[in-house]
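Examination of the molecular architecture
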Amino acid sequence: MQWRATKPMTSNETNTPLPTAAYFSMEIALDPAMPTYSGGLGVLAGDTLRAAADMSVRMIAVTLLHRQGYLSQTIDAEGWQHEQPVDWNIEEHCRELPQRAEVEIEGRTVHVRAWQYDVVGCEGYRLPVLLLDTDLDENADTDRALTQQLYGGDSRHRLSQEVVLGIGGVRILRSLRIDSLVQFHMNEGHAALLVLELLDERAKSLGREMFNSEDVQAVRKQCVFTTHTPVPAGHDRFGFDLVEQVLGRSDLFDMHEVFCCAGELNMTYLALNLSHYVNGVAKKHGEVSRHMLVPKDTNHHYAIDHITNGVHVATWASPSFSELFDRFLPGWREDNASLRGALAMPPNEVWQAHRAAKLRLIDEINATQDDLFDPLTFTIGFARRATAYKRANLLISDPERLHRIVEKHGPIQIVFAGKAHPHDVEGKHLIQQIVRAKNQLHPAVKLVYLENYDWELARLIVSGVDVWLNTPQPPLEASGTSGMKAAINGVPSLSILDGWWIEGCVEGTTGWAFGNAASTNPANVDRFKEDADALYDKLEQVIVPLYYTKPDQWLRIMSHAIALNGSYFNTQRMVQQYVVKAYYET
Ligand SMILES: *Cc1c(COP(=O)(O)O)cnc(C)c1O
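Residues numbered from 1 in each chain as written. Predicted model: local features only at pLDDT ≥ 70, side-chain atom pairs only at ≥ 80, totals over all residues. Heavy atoms only, no water.

How we decide: UniProt positions are given in the numbering used here, feature names are shortened, and annotations may be inferred rather than shown by experiment.
The name that an unreviewed UniProt entry assigns to the chain is Glycogen phosphorylase, with the source organism given as Stieleria magnilauensis. Database annotation for the chain, UniProt heading Sequence similarities (unreviewed entry): "Belongs to the glycogen phosphorylase family."

1. Description of the site of the ligand
Where we set the bar: We call a residue near a molecule or strand whenever a single non-hydrogen atom of that residue lies within 4 Å of it. Counted as a polar contact is a pair of N or O atoms within 3.5 Å, where, for protein atoms, one must be capable of donating a hydrogen and the other of accepting one, and residues adjacent in sequence contribute only when both atoms are in side chains. Only the protein chains shown count as cover for residues, and all accessible areas are computed by the Shrake-Rupley method using a 1.4 Å probe. The numbering of helices and of strands both runs from the N terminus, where a helix is a DSSP run of H or I of at least 4 residues and a strand a run of E of at least 2. Amino acid classes used here: Ala, Val, Leu, Ile, Met, Phe, Trp, Tyr, Cys and Pro are nonpolar; Asp, Glu, Lys and Arg are charged; the rest, including Gly, are polar. Domains are outlined according to an automatic or database domain assignment.
Around the ligand, the surrounding shell holds 14 residues, and the nearest of these are Lys-390, Gly-480, Thr-481, Ser-482 and Lys-485. Within the contact set of the ligand, an oxygen atom lies 2.9 Å away from a side-chain nitrogen or oxygen of Lys-390. The contact in question runs from an oxygen atom of the ligand to an N or O atom on the backbone of Thr-481, over 3.0 Å. Relative to its unbound accessible surface of 390 Å², the ligand loses 94% to contact with the protein. Listed by contribution, the elements that provide at least two residues to the shell around the ligand are α1 (40-54), α15 (455-464) and α16 (482-488). Class assignment for the residues of the shell around the ligand results in five nonpolar, five polar and four charged. Taken domain by domain, the shell around the ligand gets at least three of its residues from each of domain 1 (23-71 + 82-309) and domain 2 (313-569).

2. What to know about the sheet that holds strand β18 (residues 493-496)
The test is simple: Any two strands between which DSSP finds at least two bridges are classified as paired. Here the axes come from fitting lines to C-alpha atoms, over the contacting stretch only for helices, and the angles between their N-to-C directions go from 0 to 180 degrees. Whether two residues touch is decided by their heavy atoms; if any such pair falls within 4.5 Å, the residues are in contact.
A sheet is described by the order of its strands in space; here six strands give the open sequence β16-β15-β14-β17-β18-β19, paired in parallel fashion. In this open sheet, the two strands that pair with only one neighbour each are β16 (445-450) and β19 (511-514). Along the sheet, successive strands turn relative to each other by an average axial angle of 20 degrees, direction set aside. As judged from the two bridges shared by strand β14 (residues 378-383) and strand β17 (residues 467-470), these two strands associate in the parallel manner. Bridging from a neighbouring strand, Ile-380 pairs with Val-467 of β17. Contacting β14, β15 (412-417), β17, β18 and β19, helix α18 (residues 527-549) runs over the sheet at an angle of about 155 degrees to β19.

3. So, helix α5 (residues 194-205)
This is how the line gets drawn: By this rule the span expected of a helix is its residue count minus one, scaled by 1.5 Å. For every residue, the accessible area (1.4 Å probe, protein chains only) is compared with the maximum for its type, and the residue is labelled buried under 20%, exposed over 50%, or partly exposed between those bounds.
With twelve residues, α5 should reach 16 Å at 1.5 Å per residue; the first-to-last C-alpha distance of 17 Å fits that figure. Among all positions of α5, only Leu-194, Val-195, Leu-196, Glu-197, Leu-198, Leu-199, Asp-200 and Ala-203 are buried. With its phi angle positive at about 75 degrees, Gly-207 sits one or two positions after the end of α5.

4. Notes on the packing of helix α11 (residues 319-328) against helix α12 (residues 347-366)
Pairs of packed helices are described in terms of their axes, by the angle between the two and the distance that separates them. To keep things clear, this is the line we draw: Convention used here: angles under 35 degrees read as roughly parallel, angles over 145 as roughly antiparallel, angles from 65 to 115 as roughly perpendicular, and any remaining angle as oblique.
Taken N-terminus to C-terminus, the directions of α11 and α12 make an angle of 160 degrees; their axes are 8 Å apart at the nearest point. Considering the angle they form, α11 stands roughly antiparallel to α12. Contact residues: α11 offers Pro-319, Ser-320, Phe-321, Leu-324, Arg-327 and Phe-328, while α12 offers Glu-349, Val-350, Ala-353, His-354, Ala-356, Ala-357 and Arg-360. Of the residues contributing to the contact of α11 with α12, the split by class is eight nonpolar, two polar and three charged.

5. Observations concerning the sheet that holds strand β13 (residues 305-306)
One open sheet holds the nine strands; their spatial order is β5-β6-β7-β2-β1-β8-β9-β12-β13, and the pairing between them is mixed. Both outer strands of the open sheet, β5 (95-105) and β13, are each paired with one neighbouring strand and no more.

6. Topic: helix α14 (residues 425-441)
Between its terminal C-alpha atoms α14 stretches 25 Å, which fits the 24 Å expected from 17 residues at 1.5 Å a residue. Those residues of α14 lying buried are Gly-427, Lys-428, Leu-430, Ile-431, Gln-432, Ile-434, Ala-437 and Leu-441. Each element contacted by the buried residues of α14 is listed here: β3 (69-75), β4 (81-86), α13 (399-409), β15 and β16.

7. With respect to the nonpolar core
Let me state the cut-off plainly: The term nonpolar core refers to a set of buried residues drawn from Ala, Val, Leu, Ile, Met, Phe, Trp, Tyr and Cys, joined through side-chain atoms within 4.5 Å.
Counting residues in hydrophobic clusters, the biggest one holds 87 residues, and the most contacted among them are Phe-325, Phe-378, Leu-395, Ile-412, Phe-416, Ile-461 and Leu-539. The element that contributes the greatest number of residues to this core is α18, accounting for eight residues. Composition of this core by domain shows at least three residues from each of domain 1 (23-71 + 82-309) and domain 2 (313-569). Residues in contact with Ile-412, not counting those within four places in the same chain, are Thr-377, Phe-378, Ile-380, Leu-402, Ile-405, Val-406, Ala-444, Val-445, Lys-446 and Val-544. Counting residues in each nonpolar core, the second largest holds 71 residues, with Val-112, Leu-165, Leu-252 and Phe-259 among its members.

8. A word on the pattern of salt bridges
Side chains that carry opposite charge are capable of pairing whenever their charged atoms lie near each other. The condition that has to hold: Whenever Lys or Arg places a side-chain nitrogen within 4 Å of a carboxyl oxygen from Asp or Glu, that contact is recorded as a salt bridge.
By the definition in use, this model includes 40 salt bridges. Between Arg-50 and Asp-47 there is a salt bridge whose closest N-O contact spans 2.9 Å. Here Asp-47 and Arg-50 lie together in helix α1, a separation of three residues that amounts to about one turn. In the salt-bridge network here, residues are joined through shared partners; they are Arg-67, Glu-96, Arg-100, Arg-113, Asp-133, Asp-135, Asp-137 and Arg-144.

9. Here we look at the domain arrangement of the chain
To be explicit about the condition: Here the buried area means the combined drop in accessible surface, using a 1.4 Å probe, for two parts upon being joined, counting both sides.
Structurally, the chain comprises domain 1 (23-71 + 82-309) and domain 2 (313-569). Relative to domain 2, the C-alpha centre of domain 1 lies at a distance of 33 Å. Each partner contributes residues to the interface: domain 1 has 26 residues there, and domain 2 has 29 residues. Buried area between domain 1 and domain 2, both sides added, is near 2,200 Å², and the carbon and sulfur share of it is 62%. In this structure, the connection of domain 1 to domain 2 is made through two salt bridges. Here Lys-428 and Glu-83 are joined by a salt bridge, their closest N and O atoms 3.3 Å apart. Where domain 1 meets domain 2, there are eight residue pairs in polar contact (both at pLDDT 80 or more). Of all the elements in the fold, those that place two or more residues in the side of domain 1 that touches domain 2 are α1, β3 and α9 (283-292).

As structure tokens, this is what we get:
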């Protein structure tokens, strides 16, 4: 098929211009030593590119450099989070390109340069990523700061960053003479200003000052939008005054088919209006988005599909499982669907691989605390961004209940990790609440909150625990991906039915669901207690006794998590769906 390259991407030997997609994302996790991401969105972007490179899909990616890496977290004795920037060596990972681009911000010319990082696929294909950088002598100090920090600064700063990403990104691609692009993929709305540049480009090429409806039709055929946020507050919006000051133009808001929404520029609607294909990141999230994304005072419903997220298997398999797959499922890196064969792997080997991963995690934990974790104890993992809707405190909300479960069935250990956004005070209070629960739970239940949750730590935790817990308040989890990483390592999920788990849960076979799926009203104040009770019931009646008394049955569940979920919830399957549903159809 056309999207698979047979030649390196710079080859110009063919007469028909080969289609190529440009993937725009505010954050991308490219390498554990490059702190250019904050969490799920960036990890997904990185896993997408790693899978695309495995399959030699002709893509190029654009993001910002983020010189001061996304934060390093420490937690003090009171359980309070402190954050510091992370230094990293850009030249060690990226090479500077000689081409430059310029954008206008508040009437100033801002010079943009790009650094290139290559994502290398399992068969050697190199997929280029451009990291944009405005830290140049010729720029004013405020502009030099635009590519310093991910999600820092006020809305003026944010909008200016989005000018660099969206408009600067398209211009850099043009300065590199990458003109064969037929699809521009916006991973979340941050890059939506790229549509403005495409509209201007087209109008200018046809000798017009201002774009018109015909340009809109044409640009729409080139754009794809993936939305990730099931809450209205999660979408970037900027007041018209600010937009006028930053972009230096007021002609934009007359075209309602492009810039809808009274008094503000909403990046999500801009992307929706200019994309021929839009998707949510799980089946349920597609539905939620179709209902939620209706512009005020209109009855306009968008056609929103879904492509369920995945993870890059070779990135998230622990060393012991990689080695096991090498022995029993040759070719699994090239074709992640090979994980179906996990059902035929000897259960004892699966157990040994899990034990090795668990020992690695426990060594890491025991190096930092006195209350030693035990490899034979049932271990629950919970690590994700510390923010209210994820409800990290659900599991520890009733210590008495936990004590009773331990008395009846055996000991429990809990591993927590996760950063709060520096401005998310509620998230910081959640971390504190968990750290403080430690003494209350001791000694029946051991608890640790590991600092500085990032790619490396995620890899240790998702593979090293016995069960992966997920407790979001429905319907706020768009997809979630950490449970998919756990599944690859034979770790079953115990989760509320939300996001991907609605598709991934086969009760008692790939893991377990808890809570009342029908009660989706987030305003329901009783919901917390209801869900906590349901979680304790499931642990007490099913999971902890199963772990301690039925090892054969437990191992069958581990193998099914790999075979059913690892083989499907991966980014190779996901990228194939993007190619067929979004990129190919123009
Ligand atoms: C996978 C990952 C996430 C996203 O996990 P969710 O389950 O979607 O919350 C966040 N941070 C890191 C470091 C990750 O590896």
